[in-house]
Amino acid sequence: MNKYLTLADGTQWSGTAIGERQLEAAGRVVFNTGMSGYQETLTDPSYLNQMIAFTYPLIGNYGIDPTVSQAPTVGAQAIIVHELATFTDHYTSRQSLANFLTTHHVAGIEGIDTRDLTIHIREAGSQMAILTNHPVTNFKSKLATLTSQALVATPLPAVTTTKQPRIAILNFGEKAAISAELQARGADVIVLPPTTSIKAIAAYHPDGILLSNGPGDPTDYGDCLATIRQLAHRYPLAGICLGHQLIALAYGARTYQLPFGHHGLNHPVQACVDGSIMMTSQNHDYAVDPASIKATPLIVTHTELNDGSIEGLRLPHQAVMSVQFHPEAHPGPKEAGQFFDNFLLTIQKEAVINA
């Protein structure tokens, strides 16, 4: 059956329905430049209420491996591809991407020129879009109908191990790989809702706090900022992606929306301290305003080489650090994983100082 993708500026593409074929959807359309990792991308909670257009022309060729999903459900509202693979060939595959989309009730479209769509988003900016079964004449009315059916984030269950040190992750939409990377380094991980009180957090006796990634505009989380500042005075504190932005806001910086975001696996990031460069996985639509940093105690530690945006922060004389990129990858290059090593080393140093 036919499917129609219509952007807020009136631009429209037609193609063939995939996934939950009859389902219509709405969300902010973004493009992802990764050549692989479609399963991890679709299950990344940061994509909540967004439509993902994959720039690589063939998606789904190695199927679905149930062990690599980053959340129990698909956060994305819809998938947009040039071609959905009908044949999968990989020893870890247990089902096709087509079946996976149907199982998780995800709408999609294939057969459109995703290069044309990507160029349009780069020039006109990321924007709201709708995916419908028929051409739309009243975009605003249809958008209002579909957005009222938008998904609500499904928090991950609490995860605990029996190792040390103990890290409490405030879960704004955590990817499972973050807990896995900490556990692989010998940490005991506790995943808690972001609204957990200071008293309740303290009852777990954490050695450090990590603010996870998550969806949406960081300024929508204003109620959490006072808690973040209190946590920073009590524990070593780290933030990833949304967590990085929230640390910036908590100390007086501002954030802004990027024209079309960073969604891919090959973003070069440079460390300010020694000039070293690493390739990183990124997925965000907002960034920290560099001009606003001057009025805060924060120091920039990393920058993105493509557009100069801030990719890392720290608080001098306090164990607070953050990165905009995804050090856990999944998908993406692993070279940024040193962030977890540095965080755990900071926790050990703080333990010695406070002993």
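In the nomenclature of an unreviewed UniProt entry, the protein chain corresponds to Carbamoyl phosphate synthase small chain from the organism Lactiplantibacillus paraplantarum. UniProt annotates the protein chain under Sequence similarities (unreviewed entry) with the comment "Belongs to the CarA family."

Draft legend 1. Main features of the pairing of strand 12 (residues 208-211). In strand 12, alternate side chains face the same way, and those of Gly 208 and Leu 210 on one face and Ile 209 and Leu 211 on the other are all buried. Of the pairings in the sheet, the one linking strand 10 (residues 166-170) to strand 12 comprises four bridges and is parallel in character. Bridging from a neighbouring strand, Ile 167 pairs with Gly 208 of strand 12. Relative to strand 13 (residues 237-240), strand 12 runs parallel, the two sharing three bridges. Bridge assignment links Leu 210 to a residue of strand 13, and that residue is Ala 238. Considered for its hand, the β-α-β crossover made up of strand 12, helix 7 (residues 225-234) and strand 13 is right-handed.

Draft legend 2. Spatial organisation of the packing of helix 7 against helix 8 (residues 242-250). Where helix 7 contacts helix 8, the two axes come as close as 9 Å, and the packing angle between them is 90°. Classified by the angle between their axes, helix 7 and helix 8 sit roughly perpendicular to one another. Seen from helix 7, the contacting residues are Leu 225, Ile 228 and Arg 229; seen from helix 8, they are Leu 246, Ile 247, Leu 249 and Ala 250. In the contact of helix 7 with helix 8, the residues fall into six nonpolar, no polar and one charged.

Each value, and the rule that gives it
- Residues numbered from 1 in each chain as written.
- Predicted model: local features only at pLDDT ≥ 70, side-chain atom pairs only at ≥ 80, totals over all residues.
- Heavy atoms only, no water.
- UniProt positions renumbered as here; feature names shortened; annotations may be inferred.
- Buried < 20%, exposed > 50% of the residue type's maximum accessible area, 1.4 Å probe, protein only.
- Helix = DSSP H or I, 4+ residues; strand = E, 2+ residues; numbered from the N terminus.
- Pairing = 2+ DSSP bridges.
- Right-handed = clockwise from strand over helix to strand, strands pointing away.
- Axes fitted to C-alpha atoms, helices over the stretch in contact; angles between N-to-C directions.
- Parallel < 35°, antiparallel > 145°, perpendicular 65-115°, else oblique.
- Contact = heavy atoms within 4.5 Å.
- Nonpolar A, V, L, I, M, F, W, Y, C, P; charged D, E, K, R; others polar.

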